[in-house]
Amino acid sequence: MRMLLKVSIPVAEGNRAIKDGSLPKIIEKLLGRLQPEAAYFTLESGNRTAFIVFDLKDTTAMPAIAEPLFMGFNATMDMTPVMNVEDMRTGLKVMLEAM
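The structure reproduced in this document is the subject of the present report. Because the structure is predicted, anything quoted here is derived from the model rather than measured.

**Focus: the sheet that holds strand β3 (residues 47-55)**
Taken in spatial order, the 4 strands line up as β2-β3-β1-β4 in an open sheet, and their pairing is antiparallel. For this open sheet the edge positions go to β2 (38-44) and β4 (76-81), each flanked by a neighbour on one side alone. Across this sheet, the average inter-strand angle for adjacent strands is 15°, counted without regard to direction. Direction of pairing for strand β1 (residues 2-9) relative to β4: antiparallel, over a ladder of 6 bridges. Across the sheet, Leu4 pairs through a bridge with Thr80, a residue of β4. Helix-sheet contacts for helix α2 (residues 22-34) involve β1, β2 and β3, and the interaxial angle to β3 is about 15°.

This is the structure:
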């Protein structure tokens, strides 16, 4: 299932992780594990924030995704199922056919 992972890293923890070198290591390991369709990095509400679109094959993978971010950065996260344009068109077509 296509998911949007939003990761928000508090400033103090992000600063520490940059200084000790753990931020790029944890992020690269996460990206390697997820093989994302897209990944964007920005600021939101004053925090370092990432938006990562990836395929969640099994919900049992959620702890392996989240825990390194919780432990490494005290990050807050949201994982939300999302659709691309083709998925939405297909879903609307199926819905209209059922009406």
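Having seen the structure, we can now continue with the description.
**Digging into a nonpolar patch on the surface**
Together, Met83, Met88, Leu92, Met95, Leu96 and Met99 make up a nonpolar patch on the protein surface, roughly 680 Å² of accessible area in all. Residue placement: Met99 occurs in the segment after α4 (85-98). Accessibility expressed as a relative area gives 75% for Met99, which makes it exposed.

**Some points on the nonpolar core**
Ranked by size, the top nonpolar core spans 20 residues in total, and within it Leu5, Val7, Ile52, Phe54, Leu69 and Phe73 carry the most contacts. Going through the elements one at a time, β1, α2, β3 and α3 (62-73) are the ones with two or more residues in this core. Element by element, the count of residues in this core is highest for α2, at 5 residues. Not counting residues up to four positions away in its chain, the partners in contact with Ile52 are Met3, Leu4, Leu5, Leu30, Leu31, Leu34, Pro36, Ala38 and Ala39.

**Some points on the packing of α2 against α3**
Axis separation between α2 and α3 bottoms out at 11 Å; the angle between their running directions is 175°. Classified by the angle their axes make, α2 and α3 are roughly antiparallel. Of α3, the residues touching α2 (which contributes Ser22, Leu23, Ile26, Ile27, Leu30, Arg33 and Leu34) are Ala64, Ile65, Pro68, Leu69, Gly72 and Phe73.

How each quantity is defined
Residues numbered from 1 in each chain as written. Predicted model: local features only at pLDDT ≥ 70, side-chain atom pairs only at ≥ 80, totals over all residues. Heavy atoms only, no water. Pairing = 2+ DSSP bridges. Helix = DSSP H or I, 4+ residues; strand = E, 2+ residues; numbered from the N terminus. Axes fitted to C-alpha atoms, helices over the stretch in contact; angles between N-to-C directions. Contact = heavy atoms within 4.5 Å. Patch = residues over 30% accessible without salt bridge, like charges linked within 9 Å, V, L, I, M, F, W, Y side chains within 5 Å. Areas by Shrake-Rupley, 256 points an atom, 1.4 Å probe, with all protein chains shown as cover. Salt bridge = Lys/Arg side-chain N within 4 Å of Asp/Glu carboxyl O. Buried < 20%, exposed > 50% of the residue type's maximum accessible area, 1.4 Å probe, protein only. Core = buried A, V, L, I, M, F, W, Y, C linked by side-chain atoms within 4.5 Å. Parallel < 35°, antiparallel > 145°, perpendicular 65-115°, else oblique.

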